[in-house]
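What follows is the residue order along each chain.
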Amino acid sequence: MSSMVQTLSSMANAILDQPTVIAVTVFVALLCACIVIGHLVEENRWANESIAALLLGLASGAVVLLVRKGQSSQVLVFNEDLFFIYLLPPIIFNAGFQVKKKRFFKNFSVILLFGIFGTIISFCLITLGAFLLFKKIGITSLTMKDCLAIGAILSATDSVCTLQVLSQEQTPFLYSAVFGEGVVNDATSIVLFNAVQSIDISDIDGLTALKLLGNFLYLFFTSTILGIAVGLLSAFGIKTLYFGRHSTDREVAIMMLLAYLSYMVAELLSLSGILTIFFCGIVMSHYTWHNVTESSRVTTKHAFATLSFIAETFIFIYVGMDALDITKWKESNASAGTSIIVSLALFALVLVGRAAFVYPISCILNCTKQGSEEIEIKKQFIIWWAGLIRGAVTIALAYNQFSSSGTKSANVDSMMITCIIIVVLFSTVVFGSVTKPLIQAVLLNNANPLTSRENDFVSLEDLRLLSLENGGPVDNGNNQSAPRRSKLQLFIRHPTSTVHHLWRKFDDKFMRPVFGGRGFVPFVPGSPRSTAGETSDLNNSN
């Protein structure tokens, strides 16, 4: 009997790698502990689950470091593939699936200006600042390509931590703007980073900037179209085949797999997987979700949110533990003073790069009245502040660049990784913990819900546009009917609301009869039903 037990034990050890089992066990235990801690600090104004996970990761890394007597604190080696292939997709998809679409697209011009043009401005300033400052500090082994990469790396914000302290109900505009900018910003930063890798620094001419712009526009639109196409395919397939009559499990499985397939196909085609899976999530929530059974609706809503939550928590624990990897700190061979100076220089560039586009773009939007509401100076400050947090995307890109950058000095590579980790830790803990009290002090104490422009004015304007579009009478104060405006006049005067109104007409007439959605799914016994009074926390787009 004992020999049989030994044989089975040796077989188990041969199948499962012992260090991997230990690592997974540690991380699962930490995830459970973080969920409990997050529940306990839910009402705390200074803490949130992201900060709790990060600090728990740091504490766990310190314990492992002590147990191993200062040799190494690594339980799992940071791997960009693990982050970009397994952890990031569920977070981005759930963001698109759960987004309040009406508010998101009403602020779409704001989101695009901040997320694309703002990121490009920040990228240029951080690149220029890194090129000039590092020479003065005495770091001469970094090439121009490394400085360009640093510009892309530090332009990537981390909206996950920020969104945990912003409320869709209390600050709807800020939540929508910061959330949307975060998704577009991450995609833009990664596209810029990949573009930098493909640039031949020795052969730069005047057409290089135009090539970068053309490449970016190509990636942006093709990635978006791919995500929309996969989302529509899932809606049409589920509506036509109706998997739910046999098994709701198939409905949930096909939605998950198609969403993940869109991300992997985008990466396979060298497109932006982030944009693809984000817009796939939006389309699925608008059409596909209404074509499945009631039980599948509840299941998908909570399953996607749960997967996203676990991935987010795992990332922050991962980053916290990896920050205490003693090997990188030894390889950097830099003094504490040098590390602090470089970290401060990098963070100063982040501050300047963020301010250089938030305030000017906000002023332009206010002057042209293109936003859904005026961006006051207080809101501009909150948008600037909330976008200073850096996270896992920054670290993943830093590892990608400086683990195999080919610079002359490996010490400089390790120093850049450690300094970027310092920036991420400082920004997440300090700015993440202060954001909620700051919003409470700056905005909410003086808020007047009875005069909310977002809640009252916009809805009345939508009704007026609808009446003008149909040629109906609208009182202009002189008991006379206002003349009917053309679509072009309405678009020039109220571009966002007009586009939304025209999209609603097109969607109701052409899209929903083909792809399903609320109000257009035919009733079949046992099939999903959409009633006129049905409301959903998930949709909120109509």
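Residues numbered from 1 in each chain as written. Predicted model: local features only at pLDDT ≥ 70, side-chain atom pairs only at ≥ 80, totals over all residues. Heavy atoms only, no water.

J.: I tried to follow the overall build of the protein on my own but got confused; where do I start?
T.: Assigned secondary structure in the protein consists of 21 helices and zero strands. The contacts in the protein between residues at least 6 apart in sequence include a share of 82% that link residues at least 24 apart. Of the roughly 25,600 Å² of accessible surface on the protein, a fraction of 65% belongs to carbon and sulfur atoms. (Helix = DSSP H or I, 4+ residues; strand = E, 2+ residues; numbered from the N terminus. Contact = heavy atoms within 4.5 Å. Areas by Shrake-Rupley, 256 points an atom, 1.4 Å probe, with all protein chains shown as cover.)

J.: Just checking my understanding: could you explain the environment of Ser285 for this structure?
T.: Among the secondary structure elements, Ser285 is positioned in helix 12 (residues 273-286). By relative accessible area, which is 0% here, Ser285 ends up buried. With 50 residues separating them along the chain, Ser285 and Ala235 place their C-alpha atoms 9.5 Å apart. A polar contact of 2.8 Å, which involves the side chain of Ser285, links it to the backbone oxygen of Ile282. (Buried < 20%, exposed > 50% of the residue type's maximum accessible area, 1.4 Å probe, protein only. Polar contact = N/O pair within 3.5 Å; in protein donor to acceptor, adjacent residues only side chain to side chain.)

J.: Would you explain helix 10 (residues 208-241) in this entry?
T.: Structurally, the α-helix is built with 3.6 residues per turn, so residues lying three or four positions apart point the same way. In a regular helix each residue adds 1.5 Å, so 34 residues correspond to 50 Å; helix 10 covers 49 Å between its end C-alpha atoms and thus fits that length. Positive phi appears at Tyr242, one or two residues downstream of helix 10, with a value of about 45°. (Expected span 1.5 Å × (residues − 1).)

J.: Explanation requested: the packing of aromatic side chains in the structure shown.
T.: How two aromatic rings sit relative to each other is set out by the distance from centre to centre and by the angle between their planes. Taken as a whole and assessed by the stated rule, the structure comprises 29 aromatic pairs. Here Phe104 and Phe179 contribute two aromatic rings whose centre-to-centre distance is 6.3 Å and whose plane-to-plane angle is 65°, an arrangement assigned as edge-to-face. You can see Phe104 sitting in helix 5 (residues 101-106) and its partner Phe179 sitting in helix 9 (residues 172-198), a full 75 residues away along the chain. An identical accessibility class is assigned to Phe104 and Phe179; each is buried. Ring geometry for Trp385 and Phe431: centres 4.5 Å apart, planes at 55°, overall tilted. (Phe/Tyr/Trp six-rings, centres within 6.5 Å; stacked < 30°, edge-to-face > 60°.)

J.: Would you explain the nonpolar core in this entry?
T.: For soluble globular proteins, the rule of thumb is that nonpolar side chains tend to be buried together. Membership of the largest hydrophobic core comes to 127 residues, with the highest contact counts inside it found for Phe134, Ile150, Phe278, Leu346 and Met416. Every residue in contact with Leu346, bar those within four places of it in the chain, is listed here: Phe134, Ile150, Leu154, Met416, Cys419, Ile420 and Val423. Counting six residues, the second-largest nonpolar core is a separate cluster that includes Leu232, Ala235, Tyr287 and Phe515. (Core = buried A, V, L, I, M, F, W, Y, C linked by side-chain atoms within 4.5 Å.)

J.: I'm lost on the side chain of Ser234 in this one. Help?
T.: With respect to the helices and strands, the residue Ser234 is situated in helix 10. Judged by its relative accessible area of 2%, Ser234 is buried. A polar contact is formed between the side chain of Ser234 and the backbone oxygen of Gly231, at a distance of 2.6 Å. Filtering out sequence-adjacent residues up to four positions away, Ser234 remains in contact with Leu258, Met284 and Thr288.

J.: What am I meant to see in the packing of helix 6 (residues 108-137) against helix 7 (residues 144-155) here?
T.: The geometry of a pair of packed helices is captured by two quantities: the angle between their axes and the separation between those axes. Two numbers describe how helix 6 lies on helix 7: the axes approach to 8 Å, and their chain directions differ by 135°. Our classification of the angle between helix 6 and helix 7 gives oblique. Read as a crossing pair, helix 6 and helix 7 show a hand that is right-handed. When helix 6 is examined against helix 7, the residues Thr119, Ser122, Phe123, Ile126, Thr127, Ala130, Phe131 and Phe134 are found in contact with a partner set consisting of Met144, Cys147, Leu148, Ile150, Gly151, Ala152, Leu154 and Ser155. (Axes fitted to C-alpha atoms, helices over the stretch in contact; angles between N-to-C directions. Parallel < 35°, antiparallel > 145°, perpendicular 65-115°, else oblique. Left-handed = near helix turned anticlockwise from the far one by under 90°.)

J.: How should I be thinking about helix 2 (residues 18-40) in this particular structure?
T.: If you check helix 2, its first and last C-alpha atoms are 33 Å apart, about what 23 residues at 1.5 Å a residue would give, namely 33 Å. Turning to helix 2, its buried residues are Ala23, Phe27, Leu30, Leu31, Cys34 and Gly38. Residues of helix 2 that are buried make contact with helix 3 (49-67) and helix 13 (294-322).

J.: Explain the confidence of the model for the protein to me, please; I cannot follow it from the model alone.
T.: Across the protein, the average pLDDT comes to 79, with 78% of residues at or above 70. Across residues 471-476, where pLDDT falls below 50, the model places 11 contacts with residues more than four positions away in sequence or in other chains. Note on residues 522-542: pLDDT is under 50 here. Beyond four places in sequence and across chains, it has 51 contacts. (pLDDT = per-residue confidence, 0-100.)

J.: Quick question: what am I supposed to make of the side chain of Ser223 here?
T.: With respect to the helices and strands, the residue Ser223 is situated in helix 10. At 2.9 Å, the side chain of Ser223 forms a polar contact with the backbone nitrogen of Ser272.

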